[in-house]
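As a plain string of letters, each chain reads:
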Amino acid sequence: MAADVIAIDGPAASGKSTIAARIAGILGIPYINTGNMYRAVTFYALTRGVKPCRDRQTETVALLDRLILEYRRTDNGTYELFLNGEAAGAAIRTPEVTACVSQAAAMPEVRTWLLRQQRDYANLGRIVMEGRDIGTVVFPDAAYKFFLTASPEARARRRLGQAGETPADATIRSVAAEIAARDRLDSSRAAAPLRQAPDAVLIDSTELTIDQVVDIIIARVRHADH
Ligand code: C5P
């Protein structure tokens, strides 16, 4: 039987998180953001003085033994990531974490460590899971697969509009360059590279509103359910 997972993959700043959260809200199901899990590993390493972006693979991997990550259901029904018992919050979305996360995510041991945890979330019943390799590696048998893209300019513009996620002096150009560099690393790594699954529905949101993308996904899921 297919995993009851709505898999949403795509490059950086393609709108995945906003859209995945909306879908989960509409369907009343958990939303698991796997990018936050890679960010939490990176954040934890940085707080321990280990910079994964400086090729500190052995030290980064050694820290995993001291790290407990879990998505917990909060009072308002959404799922929030906890890192060693504390809400991860906005600390994992800072430019410092963003600058190192793709290098941490390219480490095979980090991916294997997170993969097991990510697959366990299927025990929650139907879920929305968002990332880079959900439809290809985490749940290749997901019931629904979507791959979101948008033009580099549209993505840079949207990311620039998200407070706290870019440096104070960021411009469209600098944000576009950061996104392009991360996409290059994420697509070219050996372990679970960013890739559209052959059976995923491609949605280019350059000319679409968030509501339109949400409607496309909800319509497909509801249609397939009937
Ligand atoms: O989604 P977000 O941009 O927050 O993800 C941060 C980083 O985490 C990505 O650039 C990528 O390196 C890594 N990632 C990954 N596989 C996933 C989700 C995120 O490698 N499934």
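Look above for the structure.
Described below are features of the structure shown in this document. All values reported here derive from a predicted model rather than from experimental measurement.

The rules behind each value
Every residue gets a number counted from 1 within its own chain, in the order that chain's sequence is written. A pLDDT threshold of at least 70 governs which residues receive local features in this predicted model, and a stricter bar of 80 or more applies before side-chain atom pairs are shown or counted, although totals over entire chains, interfaces and linings include all residues. Side-chain measures were taken over the full set of non-hydrogen atoms in the model, leaving aside hydrogen atoms and water. Helix numbering and strand numbering both begin at the N terminus, where a helix is a DSSP run of H or I of at least 4 residues and a strand a DSSP run of E of at least 2. In a helix, the anticipated span is given by 1.5 Å times the number of residues less one. Three exposure classes are used, based on accessible area relative to the maximum for each residue type with a 1.4 Å probe and protein chains only: buried under 20%, partly exposed in between, and exposed over 50%. An arc is given here, and it is the one of the directions from the helix axis to the C-beta atoms. Whether two residues are in contact is decided by their heavy atoms: any pair within 4.5 Å suffices. The pairing criterion is simple: DSSP has to find at least two bridges between the two strands. Each axis is a line fitted through C-alpha atoms, and for a helix only the stretch in contact is used; angles between axes span 0 to 180 degrees, taken between their N-to-C directions. Cysteine sulfur atoms that pair up within 2.5 Å are treated as a disulfide. Here, proximity means that at least one heavy atom of the residue falls within 4 Å of the molecule or strand. Two N or O atoms form a polar contact when they lie within 3.5 Å of each other; inside protein one atom must be a possible hydrogen donor and the other a possible acceptor, and for residues adjacent in sequence the pair counts only when both atoms belong to side chains. Surface accessibility in these figures is a Shrake-Rupley result with a 1.4 Å probe; residues are shielded only by whichever protein chains are displayed. Under this grouping Gly is polar, as are all residues other than the nonpolar Ala, Val, Leu, Ile, Met, Phe, Trp, Tyr, Cys and Pro and the charged Asp, Glu, Lys and Arg.

**Examining helix α8 (residues 172-188)**
And step 1. Here α8 is 17 residues long and its end C-alpha atoms lie 24 Å apart, about the 24 Å a rise of 1.5 Å per residue gives.
And step 2. Every buried residue of α8 is accounted for by V175, I179, R182, D183 and D186. Take α8 and look down its axis: the buried residues cluster within an arc of 100°, on one side only. For α8, the exposed residues set more than 90 degrees away from the buried face come down to R173, R184 and S188.
And step 3. In the core, the buried residues of α8 are packed alongside α2 (34-47), α4 (95-105) and α7 (152-160).

**Topic: the sheet that holds strand β3 (residues 69-73)**
And step 1. Taken in spatial order, the 3 strands make up an open sheet running β3-β4-β5, and their pairing is antiparallel. Of all the strands in the sheet, just β3 and β5 (86-87) have a single pairing partner and so form its edges.
And step 2. Across 2 bridges, the pairing between strand β4 (residues 79-83) and β5 is antiparallel. Following the sheet pairing, F82 is matched in β5 by A87.
And step 3. Running over the sheet, α2 touches β3 and β4 and is turned about 20° from β4.

**A closer look at the state of the cysteines**
And step 1. Across all of its chains, the model carries 1 disulfide by this definition.
And step 2. C53 shares a disulfide with C100; S-S distance 1.9 Å. On the criterion of sequence distance, the pair formed by C53 in the loop between α2 and α3 (57-63) and C100 in helix α4 is long-range, its members being 47 residues apart.

**Some details on the site of the ligand**
And step 1. By nearness alone, 16 residues border the ligand, and R39, R111, D133, R182 and D186 come closest of all.
And step 2. At a separation of 3.2 Å, an oxygen atom of the ligand approaches a polar side-chain atom of S102.
And step 3. R132 has a polar side-chain atom sitting 2.9 Å from an oxygen atom of the ligand.
And step 4. Burial of the ligand by the protein chains amounts to 99% of its free accessible area of 450 Å².
And step 5. Of all the secondary structure elements, the ones that give two or more residues to the shell around the ligand are α2, α4, β6 (127-131) and α8.
And step 6. At 4 residues, α2 tops the list of elements feeding residues into the shell around the ligand.
And step 7. Grouping the constituent residues of the shell around the ligand by class yields 3 nonpolar, 4 polar and 9 charged.

Any functional reading would require information that these geometric values do not contain.
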